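Here is what each chain is made of, one letter per residue.
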Amino acid sequence: MPSPDGRVDLRSDTVTTPTPAMRRAMAEAEVGDDVYGEDPTVNRLEELAAARVGKEAAVYVPSGTMGNQIALRVLAPRGTEVLCPARAHIRQYEAAAAALNAGLQIRPLHDRDGMFGPEAVELAAEGPAHHLPLLGLVTIENTHMPAGGVPWAPAQVEAVAAAARRHRLPVHCDGARLFNAAVALGVNAADLAAPVDTVMFCLSKGLSAPVGSMLAGSADLIAAARLERARLGGGMRQAGVIAAAGIVALTEMVDRLAEDHARARRLAEALAERFPGSVDPERVLTNMVCARAEALPASFLDDLAAAGVRAGTIDQATVRLVTHKDVDDTDLDRALAAIEKVGRS
Ligand code: TLP
């Protein structure tokens, strides 16, 4: 469904609106008080979510940010460091919440291509031998959003997790777009989640549900997570009304993510052709196009906006265009035409 104001909205996949099937499911949802564990629809969503990522249990949370923050509180002792990609959401886009909510300091890792390897874990784990802080947790972001939605493959996740295990360190995956990674790589989300202790994924991004994310892990960790959700004020009572859309998201909206990936690649190809060096289309494997702002004219975003196409920035150096369910082929053509015209009027 195109955007209601007729514009093409490439700012984020968070702008997706619920499908007709979601709206029907929401209207008909059986509900109860979820804080008593009595909302049958939330319970069904949590069971389904846990099964999809191969974990014992899952808890429904209002946002991806809350899911990540709960994981930090459950997994990392206060006063330790979290190994984290430098541009990860946990570090850059959660308003410094790790320090405030979890009493943690972040040790940022160079992440230009979205990846780091086991050697980074080994090095960080040696910290106390050199008067450096104790490491408490390792995190990865899959897909890695600012690196252009790059997916981590199961072997890459396992290599980092194995190094963490050698040092008895837990691993959390910010899998806001875990299903984009799974679809792009042709693997099950459970294969990507198997090596990590907790995984958060969002229902409200490419999967198009209006609200909500899931945090999954062992039964013990998720019991602890429910307590932290309560502490953060995240208990939602008759949340079956929104959880119903989450069930549709997980059962009907995963396979179609491939369409978003194909459209993102076409946007990247057009950008690379018109503005050489702005983006490498070969690296656009999911639904994110992160382009180097310095390779684009300063008027880029304004020119797109004048043509009815919205895009945004994620830092001073990066312009971002994101494809999603509410961008169809007609919208894509409009965006491609707008890119072609940038700076030419
Ligand atoms: N990211 C948003 C902005 O905050 C940047 C977006 O438009 O992409 N992890 C990752 C990797 C994310 O990209 C996001 C949202 C979150 C976590 C947080 O999810 P919400 O918005 O549900 O708190």
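How each quantity is defined
Residues numbered from 1 in each chain as written. Predicted model: local features only at pLDDT ≥ 70, side-chain atom pairs only at ≥ 80, totals over all residues. Heavy atoms only, no water. Domains from an automatic or database assignment. Contact = heavy atoms within 4.5 Å. Buried area = accessible area lost by both parts, 1.4 Å probe. Salt bridge = Lys/Arg side-chain N within 4 Å of Asp/Glu carboxyl O. Polar contact = N/O pair within 3.5 Å; in protein donor to acceptor, adjacent residues only side chain to side chain. Helix = DSSP H or I, 4+ residues; strand = E, 2+ residues; numbered from the N terminus. Nonpolar A, V, L, I, M, F, W, Y, C, P; charged D, E, K, R; others polar. Near = heavy atom within 4 Å. Areas by Shrake-Rupley, 256 points an atom, 1.4 Å probe, with all protein chains shown as cover. Pairing = 2+ DSSP bridges. Axes fitted to C-alpha atoms, helices over the stretch in contact; angles between N-to-C directions. Parallel < 35°, antiparallel > 145°, perpendicular 65-115°, else oblique. Left-handed = near helix turned anticlockwise from the far one by under 90°.

### Brief notes about the domain arrangement of the protein chain
Right, so step 1: Considered domain by domain, the protein chain is made up of domain 1 (8-15 + 256-339) and domain 2 (20-252).
Right, so step 2: Summarising the inter-unit geometry, the C-alpha centres of domain 1 and domain 2 are found 26 Å apart.
Right, so step 3: Taken together, the 16 residues of domain 1 in the interface contact 20 residues of domain 2.
Right, so step 4: Regarding the contact of domain 1 and domain 2, the summed buried area is about 1,600 Å², with carbon and sulfur atoms giving 56% of it.
Right, so step 5: Ranking the residues of domain 1 by area buried against domain 2 places Asp13, Leu257 and Arg283 at the top, with a combined share of 34%.
Right, so step 6: Between domain 1 and domain 2 we count 1 salt bridge in total.
Right, so step 7: A salt bridge links Asp13 to Arg177, with the nearest nitrogen and oxygen atoms 2.8 Å apart.
Right, so step 8: Summed over the shared surface of domain 1 and domain 2, the number is 5 residue pairs in polar contact (both at pLDDT 80 or more).
Right, so step 9: Where the side of domain 1 that touches domain 2 is concerned, the elements lending two or more residues are helix H12 (257-274) and strand S9 (288-292).
Right, so step 10: Considering each element in turn, the side of domain 1 that touches domain 2 owes the most residues, 3 residues, to H12.
Right, so step 11: In terms of residue class, the side of domain 1 that touches domain 2 is built from 6 nonpolar, 5 polar and 5 charged.

### Structural notes on the site of the ligand
Right, so step 1: Taken together, 14 residues surround the ligand, and among them Ser12, Gly64, Thr65, Asp174 and Lys205 come closest.
Right, so step 2: A distance of 2.6 Å separates an oxygen atom of the ligand from a polar side-chain atom of Thr65.
Right, so step 3: Side-chain polar atom of Asp174 to a nitrogen atom of the ligand: 2.7 Å apart, as the coordinates give it.
Right, so step 4: Within the complex, the protein chains bury 82% of what would otherwise be the 520 Å² of accessible surface of the ligand.

### Observations regarding the pairing of strand S11 (residues 312-315)
Right, so step 1: As judged from the 3 bridges shared by S11 and strand S12 (residues 318-322), these two strands associate in the antiparallel manner. Bridging across to S12, Thr313 finds its partner in Val319.

### Side note on the packing of helix H2 (residues 40-52) against helix H11 (residues 240-252)
Right, so step 1: Contact geometry for H2 and H11: axes closest at 8 Å, N-to-C directions at 30°. It follows from the interaxial angle that H2 and H11 lie roughly parallel. The way H2 lies across H11 gives a crossing that is left-handed. Between H2 and H11, the contacting residues are Thr41, Val42, Arg44, Leu45, Leu48, Ala49 and Arg52 on the first element and Gly240, Ala243, Ala244, Gly246, Ile247, Leu250 and Thr251 on the second.
Right, so step 2: Across the contact of H2 with H11, the residue classes break down as 8 nonpolar, 4 polar and 2 charged.

### Regarding the pattern of salt bridges
Right, so step 1: If you walk through the whole model with that rule in mind, you get 20 salt bridges.
Right, so step 2: Through salt bridges with shared partners, one network takes in Arg256, Glu259, Asp260, Arg263 and Asp329.

### Quick look at the environment of Ala57
Right, so step 1: Position of Ala57 relative to the elements: it lies in strand S2 (residues 57-61).
Right, so step 2: For Ala57 and Gly246, which are 189 residues apart along the polypeptide, the C-alpha to C-alpha distance reads 16 Å.
Right, so step 3: When near neighbours in sequence (up to four residues on either side) are disregarded, Ala57 contacts Ala50, Leu215, Ala216, Gly217, Ser218, Ala219 and Ile222.

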